[in-house]
Structures are given as structure tokens and as C-alpha cells.
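Fold and geometry: a report
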Amino acid sequence: MTLAHTLGYPRIGANRELKRAVEAYWKGELAQDALEATAAELRARHWQEQRDAGLNLVTVGDFAFYDQVLNTSALVGAVPPRFGQGDDEVDLDTTFRMARGRAPTGTPAAACEMTKYFDTNYHYLVPELYRGQRFRIASSRLFDEVDEARAAGHPVKVSLLGPLSWLWLGNTKVEGESGEDFERLDLLDALLPVYGQILTRLASQGVEWVQLDEPALVQDLPLEWRQAYELAYNTLRSAPVKLLLATYFGGLGDNLAVATGLPVEALHIDTVRDPAQLERVLDRLPAYKILSVGAIDGRNVWRADLSALRETLATARMRLGDRLWLAPSCSLLHVPVDLASETALDEELKGWLAFARQKLDEVATLARLLDGRATTDDIARLDEAAAALDAQRRSPRIHKPAVGARLEGVTARDSRRKSEYPVRARAQRTRLDLPLFPTTTIGSFPQTGEIRAARRAFKQGVLDRDVYEARMREEIAFTIERQEALGVDVPVHGEPERNDMVEYFGEQLDGFAFTGNGWVQSYGSRCVKPPVIFGDISRPQAMTVRWSEYAQSLTDKPMKGMLTGPVTILQWSFVRNDQPRETTCRQIALALRDEVADLEAAGIGIIQIDEPALREGLPLRQAEWQRYLDWAVECFRLTAAVVRDETQIHTHMCYSEFNDIIAAIAALDADVITIETSRSDMELLDAFQDFAYPNEIGPGVYDIHSPNIPEVGWMVTLMEKAAEKIPAERLWVNPDCGLKTRGWAEVEPALKHMVEAARELRRQH
Ligand code: GLN
Ligand code: ZN
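The residue numbers shown here count from 1 along each chain, following its written sequence. Labels follow written order: the first chain is A, the first ligand is 1, and so on. In keeping with the predicted nature of the model, local features appear solely for residues at pLDDT of at least 70, side-chain atom pairs appear and are counted solely at 80 or more, and the whole-chain, interface and lining totals rest on all residues. Hydrogens are left out, water is left out, and the side-chain values use all remaining heavy atoms of the structure.

Side note on the pattern of salt bridges
To keep it simple, the criterion reads: Any Lys or Arg side-chain nitrogen found within 4 Å of a carboxyl oxygen on Asp or Glu counts as a salt bridge. Per the convention used, a helix needs a DSSP run of H or I reaching at least four residues, while a strand needs a run of E reaching at least two, with both numbered from the N terminus. Residue exposure (1.4 Å probe, protein chains only): buried if accessible area is under 20% of the type maximum, exposed if over 50%, otherwise partly exposed.
As enumerated under the stated definition, the model contains 56 salt bridges in all. A salt bridge links arginine 482 to glutamate 748, with the nearest nitrogen and oxygen atoms 3.4 Å apart. Here arginine 482 is found in helix α18 (residues 465-486), whereas its partner glutamate 748 is found in helix α27 (residues 744-764), with 266 residues between them in sequence. In this structure arginine 482 comes out as partly exposed when scored by relative accessible area, which is 21%. For arginine 742, the salt bridge identified is with glutamate 746, shortest N-O distance 2.6 Å. What makes arginine 742 buried here is its relative accessible area of 16%. Take glutamate 746: its relative accessible area is 23%, and that puts it in the partly exposed class. A network of salt bridges, in which partner residues are shared, links Arg357, Asp361, Arg368, Asp378 and Arg381.

Have a look at this one:
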């Protein structure tokens, strides 16, 4: 029999119950035992859903109040000393303090760093590692959850982040410590015994299977790390449980021999991201080993093609017999919970989708189909899937011949500006007549409660479009007036009409759909609702022109138009899987290109195309970077290159690593790039200097994430440092990022100081 299971399930609840409970607890409105009760209820419900769907094991250990990596850190006692943990059991509030710096009890301390989990939009808390660190079982939470599931009568499989991936995700640069002279791997010897104790304790609770997640195995691993895998799993093999080594988010590639050779009872591979590895793994897999095939897409929302999967997996079933297991490619944490609670989508579109709950059904059905023990329900599901997918393949809602034809007509010329940068710079200088060290902002101004309330009322139909638009115009007028008074050289309209920089465009483009309840956990209690790109993308009408035009009518200064770039729109959406991502990205680029042309025609002389997500699109394997960067850069250029020489193209990125992608950044050929730098003391500019980056740069001079008002002298000093690396004629003065999360009381004095700093710099140069 093919065993059906999942690597993990969303914990937020179909109605984001966990978010609500956790936030109420933080605010002191919910007692801790009530929070624990909600959590227990959610776990019970989710296990039951797995059983009801027909999975043979339920997964325990995927629940977290904040983050599962943080839970692992708590479990092994890796709590940084500043939280004053000592030898006590790590309690709930300590984990919350690690995550957010504060909790209802305990002394506040600096929160741990948070970053994206591999190539997902899920953020985990980075384990802090230091030399000589000691580990111990410091939390009984996992064991309690096991008891809970067993008491409910479920067959339990425990899921836990593996020791090497936990170290891999950790950071040795702890404050006040130099990370240089010690390696994460040095800690493995101290960590392994604790993993051994955990496994032993689980066994004593009656657990048969433990899934150790080792997604690091899909990345480029140094030789020491590969060897460490062998050492670690040779040590853990003596534990009295069966181990399932779970790899996901990509193929094993050159780690395949290591992964298949480790002394564990079962191996899970992702055959959605890398279908071709199935055969290679089958050839290498020792005869005793179980193979769990991750064939249902855990990273995307599309319904599985069950009949196609039945065919491709038939060989594996034949070769493996009962040693075949079936699962989603990765934990279902990365998809929305339940399509049944979806209100905003039409039936046809819903027929093309599967969320976490539906994916459980798909796994169980596929397992029974492969075994030849399909029920009538399974056959019905198979037929239904086939019909829906067939309709999808032919749907005129998806396939727009005009979009394809236009894409085919694109030539290399279309992604090249008319002239090289030096020629454009001259034309732009003549037209724009900006001072040295021109000042600007990144786009958004404070999104006040009134703005949000008006938008909500408009969406709910309580506020007429005319009234709403008039309100937004008032806001724009106010923002322009403030910028004029402050003396900002290149004003923006302030983006009051935008809820979110991707949603705003998605809502106006054809080919996008928005769910009503398709929430996915992003970090902690925060969830996002990514748009679904289901079809060919086109722009029925201009999206931003009337706002920018209106803003320009209020000022003699050159107004900067504001767009979200194609790569960022792609990156922050669920993307169709029936064509390459780059094709979808090109379609977005062409739609945006028309917007750029319309803005230019409306007299907007400066257009910013934000690409904050360009870097996060980088593939997990370095060998694939260049191919990605090539098409990503081309898409940006396709969007931008439609304009005349004298129209200035800006881009903006808010991350702090440019070294390894600086050539691609330069290839974007934006006339001006504004970046986040304030926290790195302008060191970030070294990459630009070393590369002899040719165009203009606005290195952010103050951190918008902080409520502090930056001092004039401090910003002047930062810019002087910048001027040592980049010629002053090519420098702009601006904040790090958009101001939408700040209040006017902070923004006004901060910008006033910023403008003064620019004036001071002009006097000196
Ligand atoms: N223009 C956007 C803003 O200012 C840019 C946001 C971002 O970089 N994430 O809000
Ligand atoms: Zn930004």
C-alpha cells in the first residue's frame, strides 16, 4: 500500500484563528491558557482533517505560535543569553521575546533576526550561534503535542528541522562576538547528542517515525557540510525511531549520492520542482529504503493533474512496491488553507485550484489510484480534475492570442534605451535642471487611518467612487504641498490610493485573480494574500496616469511617477504553472511598458519602477542564477526602455546585498537607482564603486523603519562618505524606503533635515 502523508500543514486556521488569538494575547486581551486552548483546538482539527482525507499518518511538530525554526531553537535550548533564560524550561513568552523583543511577561530584549526561509516568502527566526554553545532539551512542547495527538488516537509522525539545516540557517555573527573565526559546523558535535535524546524520548512516547527536514540538501553545499551529513546521520541512526529525511524546494543535484546514501529508513524528494530527479533517485536508492515522493505542489495553488501523475508515478510504484510513499512536495504551510472557504472566486476558477485541505485529498486519492484501490469518490475526483484541467487548457479567460502575438513580436531593440546613459544624462539634465545632490523620496507617504478607512469604505461600496477619488486627490494635494514647503526637488504623489504595491496593479490587470480568504503565513501572526496569476496578462486601461497627471498639475517641479516592476509583481504572486515564469514576467513587463509610455505622454518626466523583490527571485542553486538574472533584467528593461532619452527612469531596491548581483543591477540600466544603505554606513556602495557602476545612485540616508528623526550632520557625513565612492554629480539624497508606515509627525522633521543636509552638501561641493 502506498502510504499518504504530508510534510506539514498550515497552522493559522481556515479563518486565521491563530493570528487573532496570538495578537489578542500580546495585547493582554487573552489569557495564556485560552491561547493554549485555541492552539490545541487548531492542532486537533488539523490532525483530524489529515485523517479524514485518508492520510495514513498525521504530522506533529509543524505547529508553532510564531515559527517552527524558533521552536527548534527553543527545543535544543539555543536561547541567546540576553533573554536571561538560564537552565529553565523555555516558556511561551521567552519564544515571543526572541521573536519580537517583548511579551506579556519577561524583560524586553533585542529580538532575533528574521529572514526568508529558502526561496519562500515565509520568514524564520535566525538561530544565533556562538562558540562553545551548549545544547539541552529545553522545551517539552513537542513531546506534549505528541501525547496530545496520540491521546486523540492518531498514528503519529513527528516533523522536526534536521540538525544540519538548523545550523545551516543559523548565524554566527552574534552581537558583541566576532563570527569570523568559528564555523557553524563546529557546533555539530554538541548538538547531535541532544537530537539523539529528543529521538529517544519520542520513541519512549511510542513514536515510530520522525521526519527530519533537511532542505539545505537542495543547495550548494561545501564539502565539509556533505561530510557532516554522513557523520550526523551515522550518529543518529542508533536512535530507536525510524527516520524520514525530508528534502524539498528543489532537486538534490550533486547532493544526490549523499542524500540517498544516508543511513535513514526513508527519503523524501521534491518532484514538483525537479521531476527529473525521480528516476535518478530510483536508480540510486538502496533496496531497503522507502521513497516519499513529493508530487503534489506544496508551493502553488493549482489543482494537480491526477491522471498525468498516475502515469508518471506508475514506474516508481512498480519498482518500489510498498516502499513508495506519497506527499506534497513540501509542507503545505506555503499555500492557503481551504478552498471551500473561498468567497471571492468564481466557480470556474475555483475548479482550477487546490489549497492545503484539497491537496490532502489529492495525495490520498493519488495513493489509492496507484495501488489500484481507488474508490468511486476517487474516480469522480480524477474525472473532475481531468475535466477542469481540460477546460483550463482551452479557456479563453487564460489564453489571449493578442498577448502571445505581441510577445512574439518583441525584439532585442525593445529592451534597449535609444541612447547610452551619458547621452541620456545630458538630455535629462537639460530638461529637469536639478541641483547637485537632488532630493527625493521613495514613493509612499504616511498611510493615515483616514486614508485606510476611505479605501475600505470605497471597497465595501459605502463610499462613491467620485467621493473616494476626491478624497485621494485631496491627500495628494496635501502631500505635494508639504513637499513643496520642505523643498524636495523631485516630489511624488504619495501613493494614498494604493493598498499594496502588487495588489494595486494586479487588480487593474487582466489575468489576475484575488482570493477572499487565501491567507498564507508570512511571519509570526502576519499573513499575506498573494494574487493568483491565472491567465495571459494585459492592461485594459491606464492604471496610474490620472493620479500622476493630477499631482504634476499642482507643482512646477518634476513629479516622479511610480510603478511596481514586473519581477516584483511576479515574485509576490502565485504564478501559473502552464508556462515558464519568465514568459509570465514578460507579459507583465509589456503591460507595464504601456503604462510607462502613457505616463511619459502625459508629461511625467521621471518614472520609478520598483523592484524590491528582484534579489529574492534568485534560484537556490548558484548555477541557475545567471539564467534568472538574464530574463529578470530583460523584463525590467522591456518595461522601461520605451521612453525617450530625456525621460528619467528610476528603480528602487530595499535590501543590502549587491555584491554578487551588481552586474545585473548595472544591466538594468536605470538612470537612477535608490537603495537601502543607511544601516550599513555606506559600505554597501563599495560594490558599486568596485564595479565602476556608471549611472546615478541615491543611497538611502536614513532608516525609515525607525521612528528616530535623523540629524542633519549625520546625513551630511554619510553622503560625504558616499561621495568618496561615487562622484558627487551622480548622487541623490533620499530615505531608505517608502514612508507609508510612518506618521507625518516623523516624516516632516526627517525630510526637513534631509533637505537641509542636501543644501549643506551643495555648499561644500
Ligand atoms: N514605492 C514604494 C513605496 O514607497 C516602494 C516600496 C518598497 O520598496 N517596498 O512604498
Ligand atoms: Zn524599499
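This is not the end of the story, as more comes after the structure.
A word on the coordination of the zinc ion (ligand 2)
For the record, the criterion: In this description, a donor is an N, O or S atom within 2.8 Å of the metal centre, a cutoff extended to 3.2 Å for sodium, potassium and calcium. Water is not part of the atom list, which can make sites seem incomplete. Geometry assignment treats four donors as tetrahedral when all angles are between 85 and 135 degrees, treats four as square planar and six as octahedral when opposite donors are over 155 degrees apart and all others between 65 and 115, and treats everything else as irregular.
Bound to the zinc ion (ligand 2) are the protein donor atoms His652 (NE2), Cys654 (SG) and Cys737 (SG), situated 2.0 to 2.4 Å from the metal. Its 4 donor atoms give the zinc ion (ligand 2) angles of 90 to 125° at the centre, a pattern that matches the tetrahedral case.

Notes on the confidence of the model for the protein chain
The condition that has to hold: Values of pLDDT, ranging from 0 to 100, describe the predictor's confidence in every residue of the model.
Residues of the protein chain with pLDDT of at least 70 account for 99%, and the chain-wide mean is 96. What the predictor reports for the complex is a pTM of 0.96 with an ipTM of 0.99.

Remarks on the site of ligand 1
Which entries qualify depends on this criterion: In these notes, residues near a molecule or strand are those with any non-hydrogen atom within 4 Å of it. Here a polar contact is taken to be a pair of N or O atoms separated by no more than 3.5 Å, where protein atoms must pair a possible hydrogen donor with a possible acceptor and residues adjacent in sequence count only if both atoms sit in side chains. Only the protein chains shown count as cover for residues, with accessible areas throughout obtained via the Shrake-Rupley method and a probe of 1.4 Å. Only Asp, Glu, Lys and Arg are considered charged, only Ala, Val, Leu, Ile, Met, Phe, Trp, Tyr, Cys and Pro nonpolar, and every remaining residue, Gly among them, polar.
Lining the immediate environment of ligand 1, one finds Ile442, Gly443, Ser444, Glu495, Met501, Met562, Asp610, Pro612, His652, Cys654, Cys737 and Gly738. At a separation of 3.1 Å, a nitrogen atom of ligand 1 approaches a polar backbone atom of isoleucine 442. Between ligand 1 and glutamate 495, the relevant distance is 2.9 Å, taken from a nitrogen atom to a side-chain nitrogen or oxygen of the residue. Summarising the interface, the protein chains cover 90% of the accessible area of ligand 1, which totals 300 Å² for the free molecule. The class makeup of the residues in the shell around ligand 1 is 6 nonpolar, 4 polar and 2 charged.

Topic: a negative patch on the surface
The criterion, for reference: In this analysis, a patch consists of residues with relative accessible area above 30% that form no salt bridge, clustered at 9 Å for like charges and at 5 Å for the nonpolar side chains Val, Leu, Ile, Met, Phe, Trp and Tyr. Neither His nor the chain ends is counted toward charge; the positive residues are Lys and Arg and the negative residues Asp and Glu. Taken as the charge location is NZ of Lys, CZ of Arg, CG of Asp or CD of Glu.
A cluster of acidic side chains, namely Asp87, Asp88, Glu89, Asp91, Asp144 and Asp147, defines a negative patch on the protein surface. Topologically, aspartate 147 is positioned in helix α5 (residues 141-151).

Brief notes about the packing of helix α11 (residues 306-320) against helix α14 (residues 376-394)
For the record, the criterion: An axis is simply a line fitted to the C-alpha atoms; with a helix, the fit covers only the stretch in contact. Between two such axes, the angle follows the N-to-C directions and lies from 0 to 180 degrees. Note on terminology: angles under 35 degrees are roughly parallel, angles over 145 are roughly antiparallel, angles of 65 to 115 are roughly perpendicular, and the others are oblique. Only heavy atoms matter for contacts: two residues are in contact if any of them lie within 4.5 Å across the pair.
Running from N to C, α11 and α14 cross one another at 110°; their axes reach a closest spacing of 8 Å. Comparing their axes, α14 and α11 come out roughly perpendicular. Every residue of α14 that contacts α11 at Leu306, Ser307 and Arg310 is listed here: Arg381, Leu382 and Ala385.

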